[in-house]
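Topology and contacts: notes
Each chain, written out:
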Amino acid sequence: MSIRVVVADDQELVRSGFSMILAAQPDIEVIAEAGDGAEAVAAVRLHAPDVLLLDIRMPGMDGIEAARRVCASSGCRVLMLTTFDLDEYVYEALYAGASGFLLKDVRRDDLVHAVRVVAAGDSLLAPTVTRRLVADVVGRRRTARATDGAPHAERLAALTAREEETLRLLARGLTNAEIAAALVVSEHTVKTHVGNVLSKLALRGRVQAVICAYETGLVVAGEPRETGGS
């Protein structure tokens, strides 16, 4: 079954280039293109794609607002595009529910891989630029809230010990398979744990779960990535 994709970018050449790359794959179908956020939202409502490849900076309705609307009203996964690896808008995109983002100079193979990863329900947490953005946005928000003594850790009280450990491993960049190996459980069980974490913490996706793990102090920026195995 093909992965159905909508490509949204205000630059026609960029949009067409991404569409051609993706459409050339046997398991990916580009079902629509959009030139701004409003068109992207409309295309998602009309075609119900699996993935929306969405530029952040567009005239009219920008990618942030489009992502917010799409993530709040559909099961479509949003993959953001940006020209800058420290674009301030990326922070808001993550909180809007986007599953990850790519730089516009992304390599062909990485673009295809990213769409497949997002379509499978995972998030782009491995790239160095993503980790830097997550750590940076958390640092900014934790600093801003430090004076009011917000009880971040209390957010985790609803989780079981195994769900908390799943969140910790997820935040350190492990895949479901690696988490399963680390916890000596099946991938199905890991998916259940991840789903419970998202539901109990009212999070829209794995990227928001990672941010939550940093905000609550469950994971500290700079800690080494763990590997699977028992």
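Here, every reference points to the structure presented above.
Since the structure is predicted, the reported quantities are computational estimates derived from the model, not experimental observations.

**Side note on unusual backbone geometry**
Positive phi is not limited to glycine here, since Ala-48 has a value of about 50°. Mapped onto the elements, Ala-48 comes out in the loop between helix 2 (37–47) and strand 3 (51–55). Its identity as a non-glycine residue notwithstanding, Ala-202 has a phi of 55°, on the positive side.

**A word on the nonpolar core**
Formed by 26 residues in total, the largest nonpolar core has its most connected members in Leu-52, Leu-54, Val-70, Val-78 and Met-80. Among the elements of the structure, strand 1 (3–8), strand 2 (28–34), helix 2, strand 3, helix 3 (63–73), strand 4 (77–82) and helix 4 (88–96) are those that each provide at least two residues to this core. Ranked by residues supplied to this core, first place goes to helix 3 with five residues. In this structure, Leu-52 is in contact with Val-6, Ala-8, Ala-40, Val-44, Val-70, Cys-76, Arg-77, Val-78 and Leu-79, ignoring residues within four places of it in sequence. Listed in part, the 23 residues of the second largest apolar core include Leu-156, Leu-159, Ala-180 and Val-219.

**Observations regarding the sheet that holds strand 1**
In a beta sheet, neighbouring strands are held together by backbone hydrogen bonds and run either parallel or antiparallel to one another. With parallel pairing, the five strands of this open sheet are ordered in space as 2-1-3-4-5. Looking along the sheet, the strands with just one partner apiece sit at the ends: strand 2 and strand 5 (100–103). When strand polarity is set aside, the average angle formed by the axes of neighbouring strands in this sheet is 25°. Here strand 4 runs beside strand 5; their pairing, made up of four bridges, is parallel. Each residue of the ladder has a partner; that of Met-80, found in strand 5, is Phe-101.

Calculation criteria
Residues numbered from 1 in each chain as written. Predicted model: local features only at pLDDT ≥ 70, side-chain atom pairs only at ≥ 80, totals over all residues. Heavy atoms only, no water. Helix = DSSP H or I, 4+ residues; strand = E, 2+ residues; numbered from the N terminus. Core = buried A, V, L, I, M, F, W, Y, C linked by side-chain atoms within 4.5 Å. Buried < 20%, exposed > 50% of the residue type's maximum accessible area, 1.4 Å probe, protein only. Contact = heavy atoms within 4.5 Å. Pairing = 2+ DSSP bridges. Axes fitted to C-alpha atoms, helices over the stretch in contact; angles between N-to-C directions.

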